[in-house]
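Residue strings, one per chain:
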Amino acid sequence: MKMEPMEVFKVESPGEEFGARKYRELIMDILQDLGLIRSIGRLYVYIDISRPVFAVYGLIRTGMPPLTVREMGDLAKTQGGYQVKVNDEEHMADLLKVLWAHYGRERVEQPARDLVVIASDTSPADLVVTDVEAGFRQDLTDALIRIAPEGFRNRKNEMTEGSFFFIAAEDTLTPELIEEMKSKIRSMQNA
Amino acid sequence: MLEPVMFTGGVYKHDLVMELVADLGGYILQKNVTQSEVILLMLVPTEDMPAIKALISELRGELVRAPLAGTEVAVVTPTLAIHHLPHTACDIAEYLRRNGAKTNMIGLARGVGREIAQINEYESGLINEHDAAIFIFGNFAECIRKKEDLYRNISVPVVVTGGPEISKSEMPYAFEYVPSIGRIAHRSKKANELGTLDKIVDSIGRALDRTRAEIAKDPLTTSPPRVMDAVREQIPEIEYSFSPLPIALNLNGVRVKLPYDEYKDAVKAVRFDEGVTVGEIARVMPSKMKDYILVRILPMSETGFVF
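The structure presented is a predicted model; accordingly, all values stated were derived computationally and were not measured. Counting restarts for each chain: residues are numbered from 1 in the order of the written sequence. All chains are assigned letters beginning at A, and all ligands numbers beginning at 1, according to the order in which they are written. Whole-chain, interface and lining totals are the exception, using all residues; otherwise, since this is a predicted model, local features are given only for residues with pLDDT of at least 70 and side-chain atom pairs are given and counted only at 80 or more.

## Comments concerning the nonpolar core
With 116 residues, the main nonpolar core has A133, I134, I204 and V295 of chain B as its most contacted residues. Beyond its immediate chain neighbours, meaning those up to four positions away, I134 of chain B contacts V73, V75, V76, I92, V159, T161, I200 and I204 of chain B. In these notes, a nonpolar core means any group of buried Ala, Val, Leu, Ile, Met, Phe, Trp, Tyr and Cys residues linked to one another through C-beta atoms within 7 Å. Each residue is classified by how many other C-beta atoms fall within 10 Å of its C-beta atom, where C-beta atoms are placed from the backbone; a count of 20 or more means buried, 12 or fewer means exposed, and values in between mean partly exposed. By definition, residue pairs are in contact when their C-beta atoms, positioned from the backbone, come within 7 Å.

Next up, the structure:
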């Protein structure tokens, strides 16, 4: 499904209009801080403070393939090996870790900050440096925990390929409560 | 009458300001040196303000009124987690400090939630050692009403902040309620946010004025800055305290940041020019904060004199 970033963003909190408005701001701030806005397509938030319970359902804009060495920068064949000139240093540590594991430490050298030289005849082009999607899921879980009111210590997070459902409450999470929240979210989607 | 003011200027010749304040019978409450700049919190006799102003303009320094100088305010959040810090709590604390207050950030151990929020005896005791407290709550009106339990037993004035508009009559135990802060995830920088911070400062100012008025009905035997000066002169070890403010002032006493067991007798024996000792005019007891010494000056009704 093709979606724009945050094309739908609804926050509902019965009896707490101010709280709902503020939570909208807060969620935007936190998602922006963690750089997640572009990866979320739709977001529905339901907060019932009289219970108290907090539920979020979101659709993820998926389709990020794992990052390979080829995509990290310019890969060139040199005399006696390969050389990678890294453009974005964000995943440098992961790159070195993968190369060390694959070629052994003695065959990987880093003569400059953004340069890695590998003494081997086999090309590292297709080695997977990091799974961006897995990193994104971790960040997303972190964001959800930050967003939920702090006292709501009983939490449950259901993540599927293209969506996530997060619920947090002060009391024990019962299957009935989870089902009720899901139906609330469904009615928000259909509204 | 002493005027609370804050001097900001270069380190060069700032000792002239300190000397003049001492000569005029004022007090230096706090001195912060940050690289080449120095910030002095002082109490200056109102009638001598022109002399101080003249010297400071000659030194190209800045002098502003610091209405909260000489007081200690507790900034209380439900916990010290990322949900409450750094933005709201630090912004409020910073704003209070700029107005001269000494702020202590207190995160409760179990202050979170609507049903499960609690405060224990130690925490309320610690907050009660301050001159006023500010409780920072979130965005839901229902939660803010429920969390009254946290400050019901606090004996100092409590200013409550939160997001939504709530009538003060719904919060009988709060001194005042300041809305439109709540939980935020960005630094306060918009005009309306800064305006709210100003309102908090004003509210704390009113709370302290009420305490001052109560104290004035039965005046303290001596003023806290005087005790501070005497302790500083007669217990030289205080200079070696690692705390940035070795003697913190309250409206009704001081907190001496030295170990209680070792120094309680030394503090009690501090003698004023009039011949009385601190032990005779004040209660010296262990503070709830670390193992510091808390000095509470007795009112005139108990000692029978004022000096």
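Next comes the rest of the write-up.
## Considering the environment of E150 of chain A
A run of DSSP states H or I qualifies as a helix once it reaches four residues; a run of E qualifies as a strand once it reaches two. Both are numbered from the N-terminal end. Here E150 of chain A lies in the loop between α4 (132–147) and β10 (154–159). What makes E150 of chain A buried here is the crowd of 20 C-beta atoms within 10 Å. Through-space distance from the C-alpha of E150 of chain A to that of E133 of chain A is 27 Å; in sequence the pair is 17 residues apart. Other than its neighbours up to four places away in sequence, E150 of chain A contacts P78, T79, A81, H83 and V112 of chain B.

## With respect to the environment of I136 of chain B
Residues and elements named next belong to chain B. Within the secondary structure layout, I136 lies in strand β7 (residues 132–136). Judged by C-beta crowding, with 24 C-beta atoms within 10 Å, I136 ranks as buried. Setting aside anything within four residues of it in sequence, one finds I136 in contact with V75, V76, T77, H84, T88, A89, I92 and T161.

## Some words on the packing of helix α1 (residues 14–23) of chain B against helix α2 (residues 49–58) of chain B
The description of two helices packed together rests on the angle between their axes and the distance between the axes. All names here are of chain B. To define axes, lines are fitted to C-alpha atoms, for helices over the stretch in contact only, and angles between the resulting N-to-C directions are given on a 0 to 180 degree scale. Following both chains from N to C, one finds α1 and α2 inclined at 170°, their axes separated by 10 Å at the closest point. In this view, α1 runs roughly antiparallel relative to α2, as classed from their interaxial angle. Listed contacts from α2 to L16, V17, L20 and V21 of α1 are A51, I52, L55 and I56. The classification used treats Ala, Val, Leu, Ile, Met, Phe, Trp, Tyr, Cys and Pro as nonpolar, Asp, Glu, Lys and Arg as charged, and all other residues, Gly among them, as polar. Of the residues contributing to the contact of α1 with α2, the split by class is eight nonpolar, no polar and no charged. Each angle receives one of four descriptions, namely roughly parallel if under 35 degrees, roughly antiparallel if over 145, roughly perpendicular if within 65 to 115, and oblique otherwise.

## Section: the domain arrangement of chain A
Here the domain parsing of chain A yields domain 1 (8–63 + 132–190) and domain 2 (67–130). Centre-to-centre, using C-alpha coordinates, domain 1 of chain A lies 39 Å away from domain 2 of chain A. Segment limits for the domains were obtained from an automatic or database-derived domain assignment.

## A word on the domain arrangement of chain B
Residues and elements named next belong to chain B. Partitioning chain B into domains gives domain 1 (2–65), domain 2 (72–216) and domain 3 (224–303). Put simply, the middle of domain 2 and the middle of domain 3, counted by C-alpha atoms, are 28 Å apart. The interface of domain 2 with domain 3 comprises 11 residues on the first partner and nine residues on the second. Of all the secondary structure elements, the ones that give two or more residues to the side of domain 2 that touches domain 3 are α4 (121–128) and α7 (191–217).

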